[in-house]
Amino acid sequence: MILTQEEVRAIFDTAFEAATADEVDLSMAWYHEVNREVVCGSTKVIRFSNSYIRDDTVVQPCHPLQVHVGFGNREGAAITNQLDPAGIRDAVARAEAIARAAAPNESHRPLHGPQEYPEIPGFDEATAALTDDERHEAVAGVIERLQADGLNGSGYFHVDDTLEAHANSAGAWFYRRATKTGYAVTVRSDDTTGRESSRIGSGWAAAGDLRRFADLDIPGITDVAIAKALGSVDPQPFEMGPHTVVLEPNAAASFIRLLMGVWSGSARTVGAWGAPSEAGTQVASEHLTLSTQPGHPQIMGSPYGPGGMPLGERVWVENGVLRNLPGGENGPAVHLVGDGGAKSLEDVIAGVDRGILMTQNWNTMLRTIDPPHVNGMTRNGLFRIEDGQLAGPLQNAWYSLRLDEFARNIEDVSRPCKTGSFGSSGLNGNLMPALRVANFNFYRPSEAV
């Protein structure tokens, strides 16, 4: 069972009583550990490959207690999932021992007091109560269809019931329970392997961070992946060089993620490319508008921000103009919404006389040169566009382009839709539009599927 507010308060009180530090900051929330996400709460996952279920994992509720203490500006931290009094006291003692031995942190900030957080309901009782039979039934029809049609499918379906809680010795308190579900699937036209596999068709589709299972259209998402797989059989080579490209929302999301990183002036990007952009600067075409909206009805994200500060709405880019720099006092660029107007993906494609549709990309990353470049490769369906219509599959290819030019070359956008990463480099669970981008440079064919 997920811990109640009263149970969490009791655990925090035990930690406060055991502490001797000047400042004590306590939290229970998900965290990353050696390239994996540890869920605070419970998670249930079904994985399938080669059109058979391979893994059905039910993780018992885990409530990692994170303890951060400070003696002046000397800080220490510890984490434990042993929530009996002895385990809690041990975690506090370890954090304090580290703090006493630590060098002073010159950027230390005092703890904040009580805060007012927006009320954003993110918990759905029906999703939290989903039974194992109901989870299996959700993917059973997909498996049966893939097997019947001789398709090779691999997918991932998860349901999380999560907890996020925080308190500190300055009087702050936050508690929120939320549900989260998502589904991703890759479908290939057959099970060919080796060099010949580059001739088969492959398609991918996903949606992530939905709060209600009732909103997750698993058959519909699978239909999209199947259509891409069947439509991309025997892809043809094309001329390398600049092309007009339409990026589906999941592909567009990976570029938005990189752009936000460069505009924020994070330590990594500043070290490579100098100072961040300044607010008021035209950093993209007028078609791009991005904002943080945790309370958006299709997001319903946590209002709890870094350091326990409330996370509200924030406009980052408006009609291509950078209004606020992500990070610092402005908070992180999360719960993103790309304001794309009313056009559908098909409408954006219809506006292209000759170009390419990119449905997914892979290994998209910044190159540490000035100005910043981005490199990557297409995957799971690349299609030619002629006279506003899809005109056949293309062979996958590597691309390289200047990121600032990419932003300025955005010519059109669609209305935003829910995205999902699940191993790709996209922004998980945000609302992103499709992008039409001019002069998108391909430089080498790829045999990837």
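As the structure is a computational prediction, the values presented were derived from the model and not from experiment.

Reading the values: rules and limits
Residues numbered from 1 in each chain as written. Predicted model: local features only at pLDDT ≥ 70, side-chain atom pairs only at ≥ 80, totals over all residues. Heavy atoms only, no water. Salt bridge = Lys/Arg side-chain N within 4 Å of Asp/Glu carboxyl O. Helix = DSSP H or I, 4+ residues; strand = E, 2+ residues; numbered from the N terminus. Buried < 20%, exposed > 50% of the residue type's maximum accessible area, 1.4 Å probe, protein only. Expected span 1.5 Å × (residues − 1). Polar contact = N/O pair within 3.5 Å; in protein donor to acceptor, adjacent residues only side chain to side chain. Pairing = 2+ DSSP bridges. 1 Å grid on protein atoms, 1.4 Å probe; cavity = no way out; pocket = protein on both sides within 12 Å on 5 of 7 lines; lining within 4 Å. Points joined across faces, edges and corners; volume = space filled by probe spheres on them. Nonpolar A, V, L, I, M, F, W, Y, C, P; charged D, E, K, R; others polar. Core = buried A, V, L, I, M, F, W, Y, C linked by side-chain atoms within 4.5 Å. Contact = heavy atoms within 4.5 Å. pLDDT = per-residue confidence, 0-100. Phe/Tyr/Trp six-rings, centres within 6.5 Å; stacked < 30°, edge-to-face > 60°. Lys NZ or Arg CZ within 6 Å of the ring centre and 35° of its normal.

The next subject is the pattern of salt bridges. Side-chain pairs of opposite charge can arise whenever the charged atoms involved come near each other. The tally for this structure, following the rule as stated, stands at 20 salt bridges. Notably, a salt bridge pairs Lys228 with Glu248, separated by 2.9 Å at the nearest N-O pair. Within this pair, whereas Lys228 is found in helix 5 (residues 218–231), its partner Glu248 is found in the loop between strand 11 (241–247) and helix 6 (249–264), the two being separated by 20 residues in sequence. With respect to class, Lys228 is no different from Glu248; both count as buried. For Arg402, the salt bridge goes to Glu405, with nearest N and O atoms at 3.7 Å. Of the residues examined, Arg402 reaches a relative accessible area of 27% and is grouped as partly exposed. Within this structure, Arg402, Asp404, Glu405 and Arg408 form a network of salt bridges that share partners.

Between its first and last C-alpha atoms helix 5 spans 20 Å; for 14 residues at 1.5 Å apiece the expected length is 20 Å, and the two agree. Three or more residues of helix 5 are buried, namely Ile218, Gly220, Ile221, Thr222, Ala225, Ile226, Lys228 and Ala229. The N-cap of helix 5, judged by a side-chain oxygen 2.9 Å from the amide nitrogen of Gly220 a few residues on, is Asp217.

Further remarks concern the pairing of strand 7 (residues 74–80). Here strand 6 (residues 65–71) pairs with strand 7 via seven bridges, running antiparallel. Note that in strand 7 the partner of Phe71 across the bridge is Arg74. The antiparallel pairing of strand 6 with strand 7 creates a hairpin that spans two residues between the two strands, and Gly72 there sits at a positive phi of about 65°.

Before going further, it helps to spend a moment on empty space enclosed by the protein. Empty space left among the atoms is revealed by rolling a probe the size of a water molecule over them. One pass over the structure, following the stated rule, counts one cavity of 30 Å³ or more. As for the largest cavity, its lining consists of Ser198, Ile200, Ser202, Ser232, Pro235, Asn380, Gly381, Leu382, Leu394, Asn396, Ala448 and Val449. It is strand 17 (residues 373–386) that provides the largest number of residues to the lining of the largest cavity, a total of three residues. In terms of residue class, the lining of the largest cavity is built from six nonpolar, six polar and no charged.

Our focus in this paragraph is the nonpolar core. If you look at the biggest cluster of nonpolar residues, it comprises 40 residues, and the most contacted ones within it are Leu247, Trp263 and Phe440. Here the element with the most residues in this core is helix 6; it accounts for 10 residues. Residue contacts for Leu247: discarding those within four places in its chain leaves Ala252, Phe255, Met358, Phe406, Ala434, Leu435, Val437 and Phe440. Residues Ile2, Leu3, Ile88 and Ala167 belong to the second largest nonpolar core, which totals 26 residues.

Residue placement: Ser42 occurs in strand 4 (residues 41–49). Here Ser42 is in contact with Ile2, Val59, Pro61, Val159, Asp160 and Asp161, once residues within four sequence places are set aside.

Here we take up the confidence of the model for the chain. In this model, the chain carries an average pLDDT of 91, and 94% of its residues clear a pLDDT of 70 or more. A low-confidence stretch, residues 422–427 (pLDDT under 50), is modelled with 25 contacts involving residues beyond four sequence positions or located in other chains.

The space that makes up the second largest pocket amounts to roughly 950 Å³. In terms of lining residues, the second largest pocket is bounded by 42 residues, among which Ala206, Pro249, Asn250, Cys417 and Lys418 are the most central. Put simply, the parts of the chain that give the lining of the second largest pocket at least two residues each are strand 10 (202–210), helix 5, helix 6, helix 8 (345–350), strand 16 (354–367), strand 18 (389–393) and strand 21 (417–418). The leading source of residues in the lining of the second largest pocket is strand 10, at six residues.

Right, let's talk about the packing of aromatic side chains for a bit. Each aromatic ring pair is characterised by the separation of its centres together with the angle its planes make. Per the counting criterion, the structure on display carries 13 aromatic pairs. Arranged with centres 5.9 Å apart and planes meeting at 45°, the rings of Phe157 and Phe213 form a pair that is tilted. Taken together, the residues span a long stretch of sequence, with Phe157 in strand 8 (residues 152–168) and Phe213 in the loop between strand 10 and helix 5 at a distance of 56 residues. Relative to Phe442, the ring of Phe440 lies with its centre 5.3 Å away and its plane at 45°, an arrangement referred to as tilted. Phe442 gets classed as buried once you look at its relative accessible area, which sits at 1%. Among the aromatic side chains, those forming a connected cluster through ring pairs are Phe238, Phe255, Tyr399, Phe406, Phe440 and Phe442. Here Arg9 stacks its cationic end above the ring of Trp173, 3.9 Å away from the centre of that ring. For Arg379, the ring lying beneath its charged end belongs to Trp362, and the centroid distance is 5.5 Å.

Right, let's get into unusual backbone geometry. The backbone phi angle of Asn319 is positive, close to 50°, even though this residue is not glycine. For Asn319, the position within the fold is in the loop between strand 13 (314–318) and strand 14 (321–322). Of note in this structure, Asp387 is not a glycine but carries a positive phi near 50°. Looking at the secondary structure, you find Asp387 in the loop between strand 17 and strand 18.

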